[in-house]
Amino acid sequence: MATRFDPFQEMDRVLAQVFAADRASASMPMDLYRDGDHYVLHVDLPGADPGTIDVNVEDRTLTVRAQRSGRTEHDVQWLAKERPSGTYARQLTVGRGLALDRISATYADGVLTLTIPVAEEAKPRRIEVQHGARPTSIEAGHVEAQPADATA
């Protein structure tokens with residue numbers, strides 16, 4: 001059976017692999033949700049060396065960086081090399097009302113998890129309403145009020 005060789009199709013396949021690897025190395029898929037009085041951020045960092053993970057907060061910018069080293073086999077003929085290597089980096093601008101000095105971070109199974117608490121001053125709170133006068137006696141639909149600072 002004869003096969004037809006198309007050099008442009010092969011070049012297209014190779015270029016697609018190269019550009020897909022560049023895109024993949026630049027992306028850091030993440031999930032973010034609020035759970036009660038804190039936010040949880042999960043960032044996928046598959047194969048990243050835990051010693052290279054850096055989480056930094058400056059002003060209102062949260063930066064996550066990590067390094068994934070490529071395979072360094074010598075004298076091999078690569079048939080496919082799609083797993084990205086290099087530096088991952090992602091920056092997020094965070095809003096006010098977060099306790100950025102109390103962020104905690106864990107790394108397990110290729111996932112970096114950041115827990116970001118809501119600042120105390122940003123938490124909802126109930127405000128008690130004080131009444132200016134309080135009733136002292138009630139008679140058939142009539143209420144006599146006494147100022148709040150007077151004694152009963």
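When helices and strands are tallied, the protein shows 1 helix and 9 strands. When the helices and strands of the protein are read in sequence order from the N terminus, they spell out α-β-β-β-β-β-β-β-β-β. The buried share among the 152 residues of the protein stands at 20%. Of the contacts formed within the protein by residues at least 6 apart in sequence, a portion of 48% connects residues at least 24 apart.

Our focus in this paragraph is the environment of arginine 68. Looking at the element boundaries, arginine 68 is found in strand S4 (residues 61-68). Separated by 16 residues in the primary sequence, arginine 68 and proline 84 place their C-alpha atoms 7.8 Å from one another. If sequence neighbours within four positions are ignored, arginine 68 has contacts with Pro46, Gly47, Arg83, Pro84, Ser85, Gly86 and Tyr88.

A word on the nonpolar core. Met28, Val43, Leu45, Leu62, Leu112 and Leu114 are the most contacted members of the largest nonpolar core, which has 16 residues in total. Looking at this core, the elements with two or more residues in it are strand S2 (38-44), S4 and strand S7 (111-117). Excluding its chain neighbours within four sequence positions, the residues that come into contact with leucine 62 are Leu41, Val55, Asn56, Val57, Arg90, Gln91, Leu92, Val94, Ile103, Leu114 and Ile116.

Parameters and conventions
- Residues numbered from 1 in each chain as written.
- Predicted model: local features only at pLDDT ≥ 70, side-chain atom pairs only at ≥ 80, totals over all residues.
- Heavy atoms only, no water.
- Helix = DSSP H or I, 4+ residues; strand = E, 2+ residues; numbered from the N terminus.
- Buried < 20%, exposed > 50% of the residue type's maximum accessible area, 1.4 Å probe, protein only.
- Contact = heavy atoms within 4.5 Å.
- Core = buried A, V, L, I, M, F, W, Y, C linked by side-chain atoms within 4.5 Å.

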